[in-house]
Amino acid sequence: MALQLSRRELTVYLLPVAALMVFALIAPLLMIFWRSLGETSVSLDAYIDLFKSRLFLRASLTSFEISISSAIVSTIFAYPIALHLSRLSDKWRPIFLIFVLLPFWTSILVKSYSFIVVLGDSGLVNNALVEFGLPKVPMIFNRIGVLVGMSSFQIPFVVFPLLSNLLAQDPNLRRMAAVMGAADVRIFWQITLPLSLPGLLAGVVMCLVMAMGSFVTPALLGGRQDMMVANLIDFYTREALDWASASAIAVVLFAVSATMLWVLSRVRRDSGLI
Amino acid sequence: MTSKTSQRGFSRGWIVVGLATLMYIYLLFPSLVIVPISFGNRAELVFPPRTFSLDLYRDYFGSADWLTVTGRSIIYAALASSLAMVVAVPAGYVLARTNFPGKRILVMLVLGPMMVPVVVISLGLYLYYLKLSLIGTAIGLVVAHAMYATPFIVLTTAAGVESLDEQLERVAVIMGANQSRVFSQVVLPQLVPTLISAGLFAFLNSFDEVVIAWFITGPSTTTLPVKMYSSIKWETSPVLAAVATILTAVSILVCLAAYALKQAALKRAERKPCRTIASGGAQSESTN
């Protein structure tokens, strides 16, 4: 932190990035606020209509349901991966991390498409079920499809904070517990898991934030009844051409995400103090 | 006692490894299963395919539509990631190395695209671009994607700078280099592997981005993900399997390249005794 820059140098280094952000992020966000308040005269009509609209209330409820359930599923699925990675040597960890990074960097469209093919009526999974004499289960264009798609997208986002938490835990605690005769299961439930709660919580909140705003997965893998708020924004923008409503929904979504991120930052700070 | 604990560790190890393996499969399966499917035939998309053929790839490479949007996406992604690099790398450096009033606000601003739901950003851009008549223009999309990739590049650059030895920059200043020279001749050369992987990921980020593009592109600027999205939504044509495989291949290449660069950087850092000498020298000088 010793570097001293003059005002002029700071401007040269930082002005371009600030200009880009103001142009392509801040101005558009202000535009939404402005539109949601009515263009000609300031009014809260769009918000009042919104909270009277069954469509919006249903989409909100669906969004909360899907976000919470996908966060739970993703966390449970991510935990074994993070635990496994944390116990690997420094030589092997980067190699196994590729298995998490590759899906992280795979286009969500690729994953959605392959879920449609694999989970579809005559897809791999249903064919296997028939082979074993079981009935077919509809797995796409419904809630199952959305949850599968969401969790496959979110797992890496839980693995990363959880892994850094697990790596920061003092292995001597576990060793000590083992010396004192604690069984592995007990060591996990009473030492590893409680200590990992801040990382876990960070992952859960991250999932909730991402899921609340998700657009592609419910549109491609969900059914009509799985429309989430992001899809409603799209509907109001492109089909209903009702920009005031679309903007009001976007402002509400923005506020909800910001609140969750604020909670997350508090969690991070508090966990830093422990 | 030792044998007992190691045995227990062994049994528990297997539970973790077993569950983790299942989860790795769950994660990798959707990206990889589409590869063999894409070499099946047009009539039925199944895994494993009953007959192998290149039909779907012939469809893809025979379609002017798909090739046009692919080429367009490559160009836009190249432009967007270059713009993002030019703007974000200096910012990452300054944020890692200095304190200044208003730094917190700037950090919030620069990381903003990661915090705001992308659909909110997309609607904002749509309404804003309508006013500016930038809907359906290449420049509008390139700027938007550059904004969207910026936080990622800033974070990667800042992490890269923090792992560098600051003493080298101090030595350069003591030797009379001015700030821009320190940045371009001391910092940037050491950051090359970090910058290449940041650039690759920024490219991929834009190349795969669908929500912003869905809102702000028009018929003459439709990108590959937008075409793919509407194609999955409305027709689900088999050629998508080939497109998906090509996209997966691009992701794998970028991931492997980034991994190789990281390993190379680690090796180079290990084999650099001169750096420790330089920093040791500067350290003793500054403590005196």
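Rules used in this analysis
Residues numbered from 1 in each chain as written. Chains lettered and ligands numbered in written order. Predicted model: local features only at pLDDT ≥ 70, side-chain atom pairs only at ≥ 80, totals over all residues. Heavy atoms only, no water. Helix = DSSP H or I, 4+ residues; strand = E, 2+ residues; numbered from the N terminus. Contact = heavy atoms within 4.5 Å. Areas by Shrake-Rupley, 256 points an atom, 1.4 Å probe, with all protein chains shown as cover. Lys, Arg positive; Asp, Glu negative; His and termini not counted. Charge placed at Lys NZ, Arg CZ, Asp CG, Glu CD. Salt bridge = Lys/Arg side-chain N within 4 Å of Asp/Glu carboxyl O. Polar contact = N/O pair within 3.5 Å; in protein donor to acceptor, adjacent residues only side chain to side chain. Nonpolar A, V, L, I, M, F, W, Y, C, P; charged D, E, K, R; others polar. 1 Å grid on protein atoms, 1.4 Å probe; cavity = no way out; pocket = protein on both sides within 12 Å on 5 of 7 lines; lining within 4 Å. Points joined across faces, edges and corners; volume = space filled by probe spheres on them. Axes fitted to C-alpha atoms, helices over the stretch in contact; angles between N-to-C directions. Parallel < 35°, antiparallel > 145°, perpendicular 65-115°, else oblique. Left-handed = near helix turned anticlockwise from the far one by under 90°. Phe/Tyr/Trp six-rings, centres within 6.5 Å; stacked < 30°, edge-to-face > 60°. Buried < 20%, exposed > 50% of the residue type's maximum accessible area, 1.4 Å probe, protein only. Arc of directions from axis to C-beta. Patch = residues over 30% accessible without salt bridge, like charges linked within 9 Å, V, L, I, M, F, W, Y side chains within 5 Å. pLDDT = per-residue confidence, 0-100. Disulfide = S-S within 2.5 Å.

Asker: Would you take a moment to explain the overall build of chain A for this structure?
Answerer: Looking only at helices and strands, chain A features 13 helices and zero strands. Helices and strands appear in chain A in the N-to-C order α-α-α-α-α-α-α-α-α-α-α-α-α. Judged by the C-alpha coordinates and their principal axes, chain A covers about 75 × 70 × 30 Å. Across chain A, every contact between residues at least 6 apart in sequence was considered, and the portion connecting residues at least 24 apart equals 72%. Split by element, the accessible area of chain A, about 13100 Å² in all, is 69% carbon and sulfur. Here chain A contributes 20 positive and 15 negative side-chain charges, whose respective centroids are spaced 8 Å apart.

Asker: Would you mind showing me how to read the interface of chain B and chain A here?
Answerer: For interface size, the figure often reported is the accessible area lost on association. Listed by partner, the interface residues are 91 residues for chain B and 82 residues for chain A. In this assembly, chain B and chain A are joined by zero salt bridges. Connecting chain B to chain A are seven residue pairs in polar contact (both at pLDDT 80 or more). For the side of chain B that touches chain A, the leading source of residues is helix α1 (residues 2-38) of chain B, giving 18 residues. Considering only residue class, the side of chain B that touches chain A consists of 68 nonpolar, 14 polar and nine charged.

Asker: I would appreciate a short explanation of empty space enclosed by the protein in the present structure.
Answerer: One way to see where empty space is left: roll a probe the size of a water molecule over the atoms. The tally for this structure, following the rule as stated, stands at three cavities of 30 Å³ or more. Here the largest cavity is characterised by a volume of approximately 60 Å³. If you trace the largest cavity, you find it lined by V117, V118, S122, G123, L124 and N127 of chain A together with I37, L45, V46 and F47 of chain B. Of all the secondary structure elements, the ones that give two or more residues to the lining of the largest cavity are α5 (108-119) and α6 (124-131) of chain A.

Asker: When you look at the packing of helix α3 (residues 54-87) of chain A against helix α7 (residues 143-168) of chain A in this model, what are you seeing that I'm missing?
Answerer: Packed helices, taken two at a time, are described by their axes: the angle between them and the distance between them. Residue and element names in this part refer to chain A. Axis separation between α3 and α7 bottoms out at 5 Å; the angle between their running directions is 45°. As the angle between them shows, α3 and α7 are arranged oblique. Judged by the sense of rotation from one axis to the other, the crossing of α3 with α7 is right-handed. Among the residues forming the contact of α3 with α7, the class breakdown is 20 nonpolar, eight polar and two charged.

Asker: Quick question: what am I supposed to make of the packing of aromatic side chains here?
Answerer: Think of a pair of aromatic rings as described by two things: how far the centres are apart, and how the planes are tilted against each other in angle. As enumerated under the stated definition, the model contains 30 aromatic pairs over all chains in all. Ring geometry for W214 of chain B versus Y229 of chain B: centroids 4.7 Å apart, planes at 70°, classification edge-to-face. Of this pair, W214 of chain B sits in helix α9 (residues 211-216) while Y229 of chain B sits in helix α10 (residues 224-234), and the two are 15 residues apart along the sequence. Here W214 of chain B and Y229 of chain B have matching classes, each one buried. Put simply, the rings of F104, W105, F153, F157 and F160 of chain A together with F152 and F201 of chain B pair up and form one aromatic cluster.

Asker: Whenever I open this one, the pattern of salt bridges confuses me. Can you help?
Answerer: A pair can form between side chains of opposite charge whenever their charged atoms are brought close. Residue and element names in this part refer to chain A. Counted under the stated rule, the structure contains eight salt bridges over all chains. One salt bridge connects R143 with E65, and the closest N-O pair in it is separated by 3.0 Å. Residue R143 is found in helix α7, and its partner E65 is found in helix α3; the two are separated by 78 residues along the sequence. For R143, a relative accessible area of 28% gives the class partly exposed. Notably, a salt bridge pairs D90 with R93, separated by 3.0 Å at the nearest N-O pair. Residue classification places D90 among the exposed residues on the basis of a relative accessible area of 62%. Here R93 falls in the buried class, since its relative accessible area comes to 13%. By sharing partners, the salt bridges in this structure join E65, R143 and D226 into a single network.

Asker: Can you help me understand helix α2 (residues 45-52) of chain A in this one?
Answerer: Within an α-helix, residues lying three or four positions from one another point in the same direction, as the helix has 3.6 residues per turn. Inspection of α2 of chain A places A46, Y47 and L50 of chain A among the buried residues, and these make up the whole buried set. Relative to the axis of α2 of chain A, the buried residues are bounded by an arc of 95° and lie together on one face.

Asker: What is the right way to read the packing of helix α3 (residues 64-97) of chain B against α10 of chain B from this model?
Answerer: Residue and element names in this part refer to chain B. One way to put it is that α3 packs onto α10 with a least axis distance of 8 Å and a crossing angle of 135°. By the angle between their directions, the pair α3 and α10 is classed as oblique. Contacts between α3 and α10 involve D65, W66, V69, T70 and S73 on the former and, on the latter, L224, P225, K227, M228 and S231. Taken together, the residues of the contact of α3 with α10 sort by class into five nonpolar, three polar and two charged.

Asker: Teacher, can you tell me more about unusual backbone geometry here?
Answerer: Glycine aside, the phi torsion of most residues is negative, and most peptide linkages are trans. The phi dihedral of F141 of chain A falls on the positive side, at around 60°, and the residue is not glycine. With respect to the helices, strands and loops of the structure, F141 of chain A is situated in the loop between α6 and α7.

Asker: Explain the side chain of S237 of chain B here, please?
Answerer: Checked against the element boundaries, S237 of chain B lands in the loop between α10 and α11 (239-270). Leaving out residues up to four positions away in the same chain, S237 of chain B has contacts with Y113 of chain A together with S231 of chain B.

Asker: Could you clarify how one ought to interpret the environment of G13 of chain B in this entry?
Answerer: Structurally, G13 of chain B is set in helix α1. With relative accessibility at 27%, the residue G13 of chain B sits in the partly exposed group.

Asker: I tried to follow a nonpolar patch on the surface on my own but got confused; where do I start?
Answerer: Residues F64, I68, I72 and I76 of chain A make up a contiguous nonpolar surface patch of about 390 Å² in total accessible area. Checked against the element boundaries, I76 of chain A lands in helix α3.

Asker: What is the right way to look at the confidence of the model for chain B in this model?
Answerer: As a note on interpretation, predicted positions should not be read in detail where pLDDT is low. Mean pLDDT over chain B: 86, with 89% of residues reaching 70 or higher. Contacts for the low-pLDDT stretch residues 1-11 of chain B, under 50 throughout, to residues beyond four places or in other chains number five contacts.

Asker: Even after reading the chapter, I still don't get the state of the cysteines, so can you show me in this structure?
Answerer: What we call a disulfide is simply a covalent bond connecting the sulfur atoms of a pair of cysteines. One pass over the full model with this rule turns up zero disulfides over all chains. Free of any disulfide, C207 of chain A has its nearest neighbouring cysteine sulfur in C255 of chain B, separated by 20 Å.

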